[in-house]
Amino acid sequence: MRKITKAVFPVAGLGTRFLPATKAIPKEMLPIIDKPLIEYAVEEAVVAGIKEIIFITSHTKRSIEDHFDTNLELEEKLLKSGKKDAIKKINRNIFQDVTFTYVRQKSQKGLGHAILQAKHLINDESFAILLADDLIINDPSATQQLINVAQKTNSSVIGLNKVPKEHISRYGVISSADISKEQKLFLLDGIIEKPELNPPSDMAVFGRYVLSHHIFNYLEIINPGVAGELQLTDAIKLMLKEHDINGYLYDGIKFDCGSKEGYVQAIAHLASDLLPK
Ligand code: G1P
């Protein structure tokens, strides 16, 4: 498998769960202390060797574009007032050689539809997908772990998390003949988006994927699924009949920042060093 250098970030979602906070700013720009949520995921991708960040965005998400652009006016002011360290925070070295590309998703037809918008930028490569809502803290990062497994197995790999029964219907859920075994890698034989009844396992898809370009063939033929949306999960379900796809229970502390509970937990976790002992 060739080196994985591209990552797709679907960021066109409305963020209704965080209204009114997300009325005028994208949910991805909500701060986890002093850094917006999206920067954690972009940083994770870049540290894992990603050179091209592809945002699937919408007209309400301009501030994401501004955030990853230079702000010369602010830099000049900071320079004049001798705040060099602050410049390093807004113009980060690790992003210097990274290309940021923005593709507008004109209508919100779901995650599968969002990923399909990147088809013309991916060619015949494998690529990463990061859902910025899912914040994962680990070294090596979740993306790095999935890239390592994808390269070792020469297959597509989906990041998994074990989720308690009462929450499993919030996620894509996999099935695998390997599930009873004490291991971290599972060859998928099925996947279902947000099962209401009888989930096939407690293994939920959690925010990170490394997929081969073949996924676009399936994204082009799926019908609307859960919530009337084109679901990435449904394309994966078709793809696994013809291509090996593994699930990997990656290491890390995981926060579902798409929910208020997870968002607050992430902040509390990262704030623990700031609080008086
Ligand atoms: C999406 C995916 C779902 C996955 C989840 C968390 O759902 O469709 O399969 O389990 O992200 O990574 P969403 O949270 O956008 O509803």
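Please read all numbers here as calculations on a predicted model, not as lab measurements. (Residues numbered from 1 in each chain as written. Predicted model: local features only at pLDDT ≥ 70, side-chain atom pairs only at ≥ 80, totals over all residues. Heavy atoms only, no water.)

(A) View of the site of the ligand. In the vicinity of the ligand, the residues found are L111, L131, D134, Y171, G172, E193, K194, V205, F206, G207, Q231 and T233. Within the side chain of T233, a nitrogen or oxygen atom sits 3.4 Å from an oxygen atom of the ligand. Protein contacts shield 78% of the accessible area of the ligand, which totals 380 Å² for the unbound molecule. A molecule is said to occupy a pocket when more than half its atoms come within 2 Å of that pocket's grid points, and by this definition the ligand occupies the largest pocket. No other element matches strand β12 (residues 203-212), which puts 3 residues into the shell around the ligand. (Near = heavy atom within 4 Å. Polar contact = N/O pair within 3.5 Å; in protein donor to acceptor, adjacent residues only side chain to side chain. Areas by Shrake-Rupley, 256 points an atom, 1.4 Å probe, with all protein chains shown as cover. 1 Å grid on protein atoms, 1.4 Å probe; cavity = no way out; pocket = protein on both sides within 12 Å on 5 of 7 lines; lining within 4 Å. Sits in = over half its atoms within 2 Å of the grid points. Helix = DSSP H or I, 4+ residues; strand = E, 2+ residues; numbered from the N terminus.)

(B) The pattern of salt bridges, seen in detail. Taken as a whole, this structure holds 13 salt bridges when the rule is applied. Between D85 and K88 there is a salt bridge, with the nearest N and O atoms lying 3.8 Å from each other. Taken together, the residues D85 and K88, both in helix α4 (residues 84-90) and 3 residues apart, mark about one turn of the helix. On the basis of relative accessible area, D85 is assigned to the exposed category, the value being 56%. Ionic pairing is found between D251 and K184, a salt bridge with its closest N-O pair at 2.8 Å. In this pair, D251 sits in the loop between β13 (245-249) and β14 (253-256) while K184 sits in the loop between β9 (172-175) and β10 (185-187), placing the two residues 67 residues apart along the sequence. Judged by relative accessible area, which is 38%, D251 ranks as partly exposed. One network of salt bridges, with partners in common, ties together K35, E39, E43 and R92. (Salt bridge = Lys/Arg side-chain N within 4 Å of Asp/Glu carboxyl O. Buried < 20%, exposed > 50% of the residue type's maximum accessible area, 1.4 Å probe, protein only.)

(C) Representation of the pairing of β12. Counted residue by residue, β12 has 10 buried out of 10 residues, so it is predominantly covered. When strand β6 (residues 126-130) meets β12, the two strands line up antiparallel, connected through 5 bridges. Across the sheet, residue S126 finds its bridge partner in β12, namely S212. By the bridge criterion, 5 bridges tie strand β8 (residues 156-162) to β12 in an arrangement that is antiparallel. Its bridge partner lying in β12, K162 is registered against M203. (Pairing = 2+ DSSP bridges.)

(D) Region of interest: the nonpolar core. Among the nonpolar cores identified, the biggest contains 38 residues, and F9, I38, V42, I53 and F55 are the most heavily contacted of them. For this core, the secondary structure elements donating two or more residues are β1 (6-10), α1 (37-47), β4 (52-57), β6, α7 (142-153) and β12. With residues near it in sequence (within four places) discarded, I38 still touches F9, V11, E28, M29, F55, F68 and A132. Counting residues in each nonpolar core, the second largest holds 35 residues, with A118, I129, L131 and I215 among its members. (Core = buried A, V, L, I, M, F, W, Y, C linked by side-chain atoms within 4.5 Å. Contact = heavy atoms within 4.5 Å.)

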